[in-house]
Amino acid sequence: MNLYIRGFKHFSTKTQTMATVFETRLIGNIGKDASVKTMDRGVVAINFPVAHNKNWRDKKTGEPRTKTTWVNCTIWKKEGANMRILDFLKSGALVELTGTPFAKAFQQEDGSIKTEIRLNISRTNILRPSKNDTSEKSDSHEDYNEDSASNLDDYTLNEDDF
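What this report covers is the structure whose coordinates are included nearby. (Residues numbered from 1 in each chain as written. Predicted model: local features only at pLDDT ≥ 70, side-chain atom pairs only at ≥ 80, totals over all residues. Heavy atoms only, no water.)

Walk down a regular strand and you will see the side chains alternate between the two sheet faces. Here strand 3 (residues 24-30) runs beside strand 5 (residues 43-57); their pairing, made up of two bridges, is antiparallel. Bridge pairing in strand 5 places I30 opposite V50. Looking at chain direction, strand 4 (residues 35-38) and strand 5 are connected through four bridges and run antiparallel. When the bridges of strand 5 are listed, T38 appears paired with V44. Count of turn residues in the strand 4/strand 5 antiparallel hairpin: four residues, of which R41 carries a positive phi of about 60 degrees. Examined bridge by bridge, strand 5 and strand 6 (residues 64-78) share 15 bridges and lie antiparallel to one another. What sits directly across from N47, in strand 6, is T74. If you look at the hairpin formed by strand 5 and strand 6, you'll find six residues sitting between the two strands, and G62 has a positive phi there, around 80 degrees. (Pairing = 2+ DSSP bridges. Helix = DSSP H or I, 4+ residues; strand = E, 2+ residues; numbered from the N terminus.)

Below you can see the structure in the form of structure tokens.
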């Protein structure tokens, strides 16, 4: 059944699938320098942890409090692609990231279950370079748009991938 509202044609959900978006924006500090792992089928994973800090003041004591949440981030590239982003993904850098989140759980050697939050990055913006970065990069604040991520197949990761 087709409906016409204000000049737009709307379709019944029974006959056509609706597109959805599940994307997260994260601003935080990189915890350690990015590492590169070459996967099968000519795919490269650039992995790095990002800390998000939530700050508040304790109502009873008035003391400042902080809760840090670590998010493991991955940028997917094709083998042989430009890897210049590695120059900017250094410990201490303040970054703005956009990507698709997912949770991962696995069993540790002691039998306990560990969970983590992961983010497949589609867009990176370096807000403040690392203080350890001694090189002179005039374009360190430019956006980095990962166009090749949308062209890659969906890959399933195992706990030994990182």
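That covers the picture; the talk isn't over yet.
Once that is clear, we can look at the pattern of salt bridges. In the structure shown here, the tally under the stated rule is three salt bridges. With its nearest N and O atoms 2.7 Å apart, the salt bridge here joins E96 to R25. Taken together, the positions of E96 in strand 7 (residues 94-107) and R25 in strand 3 put the pair 71 residues apart, joining distant regions of the chain. Residue R25 is classed as exposed on the basis of its relative accessible area, which comes to 58%. (Salt bridge = Lys/Arg side-chain N within 4 Å of Asp/Glu carboxyl O. Buried < 20%, exposed > 50% of the residue type's maximum accessible area, 1.4 Å probe, protein only.)

Not every positive phi belongs to a glycine, and R41 is a case in point at roughly 60 degrees. Position of R41 relative to the elements: it lies in the loop between strand 4 and strand 5. A relative accessible area of 64% means that R41 is categorised as exposed.

Moving on: the pairing of strand 3. Where strand 3 lies against strand 7, six bridges are found, and the strand directions are antiparallel. Looking across to strand 7, one finds that I27 is bridged to E96.

Looking now at the nonpolar core. In this structure, F48, V50, C73, L89 and L97 are the most contacted members of the largest nonpolar core, which totals 18 residues. Sorting the residues of this core by element identifies strand 3, strand 5, strand 6, strand 7 and strand 8 (113-128) as the ones contributing at least two each. Not counting the four nearest positions on each side in its chain, C73 is found in contact with L26, I46, N47, F48, V50, L97, R118, L119 and I121. (Core = buried A, V, L, I, M, F, W, Y, C linked by side-chain atoms within 4.5 Å. Contact = heavy atoms within 4.5 Å.)

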